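A structural walkthrough
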Amino acid sequence: MAGMGPAAAHPHVWVEARAELVFNADGRVTAVRNVWRFDEAYSAFATQGLDTDGDGTLSATELHPLAQINVESLADFDYFTFLTAGSKAVHFTKPTEYWLQSDGGLLTLYFTLPTKEPVEVRSLAADLDVYDPTYYVAFTFVETDPVHLVDAPAGCVVDVRRPGALDPMTAASLAAIPADQREVPGALAAVTQDLTNGAGLTCP
């Protein structure tokens, strides 16, 4: 992601995440809306020099260039958003309705990922994961309503999954990775691949 500061370990950025699965009138998924709240250190680093009018607050207009850079750079990482239906990967078009908001010194990024075509999920095993496989960015679902269904057919149910805690040795090994190295080496890669925030979707 753009604007990342010179952190010294994996992970470099922490994000509290919330997602919405948007359905159309035919009961198919047409988009994933993401809401990501960044940690204080990243927020402070990324917004340096953006208060162009010097009023002590960051407006949506002042934050728009950073929002655009972020959503464009996220394409290289599949937007850290992975949706499957019937074990088949769902592909997205470019983000829409994106903006950044600053509240209490913390940045929140809002963006919508439309699916390339409406996705049938009824009577299929559907799954949404929001995570960084390299653990460069550590995502955590919010506690309340982390995955919300918008206009879903009656009877749809979401089962949220959260990653387990890292053991101290693994955490120390990740912390030792140099700041300029994004990829996780060796056996650690298998560990970070499992640090997913996910939700299984069941629709009758």
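All figures in this text were calculated on a predicted structure; none of them were measured in a lab.

Conventions we followed
Residues numbered from 1 in each chain as written. Predicted model: local features only at pLDDT ≥ 70, side-chain atom pairs only at ≥ 80, totals over all residues. Heavy atoms only, no water. Phe/Tyr/Trp six-rings, centres within 6.5 Å; stacked < 30°, edge-to-face > 60°. Helix = DSSP H or I, 4+ residues; strand = E, 2+ residues; numbered from the N terminus. Buried < 20%, exposed > 50% of the residue type's maximum accessible area, 1.4 Å probe, protein only. Contact = heavy atoms within 4.5 Å. Pairing = 2+ DSSP bridges.

The way to describe two aromatic rings as a pair is by their centre distance and the angle between their planes. Per the counting criterion, the structure on display carries nine aromatic pairs. Ring plane angle 40 degrees and centroid distance 6.5 Å describe the contact between Tyr 79 and Phe 111, whose orientation is recorded as tilted. Note that Tyr 79 is positioned in the loop between helix H2 (60-74) and strand E3 (81-85) and Phe 111 in strand E6 (residues 106-119), a separation of 32 residues in sequence. For Phe 111, a relative accessible area of 1% corresponds to the buried category. Ring centres 4.7 Å apart and planes at 10 degrees place the aromatic pair Trp 99 and Tyr 110 in the stacked group. Here the residue Trp 99 occupies a position in strand E5 (residues 96-103), and Tyr 110 occupies one in strand E6, the gap between them amounting to 11 residues. A network of ring pairs unites the aromatic residues Trp 36, Phe 77, Tyr 79, Phe 80, Phe 111 and Phe 139 as a single cluster.

Now for the side chain of Thr 196. Note that Thr 196 resides in the loop between helix H4 (186-192) and strand E11 (197-202). A relative accessible area of 16% means that Thr 196 is categorised as buried. Setting aside residues up to four positions removed in sequence, Thr 196 forms contacts with Asp 129, Tyr 131, Arg 161, Arg 162 and Pro 163.

For strand E7 (residues 126-130), the tally of buried residues reaches four of five residues, placing the bulk of the element in the interior. When E3 meets E7, the two strands line up antiparallel, connected through five bridges. Within E7, the position partnered with Leu 83 by the bridge is Leu 128. Bridging between E7 and E11 involves five bridges; their strand directions are antiparallel. Bridge pairing in E11 links Val 130 to Asn 197.

By themselves, these figures tell us nothing about what the structure is for.
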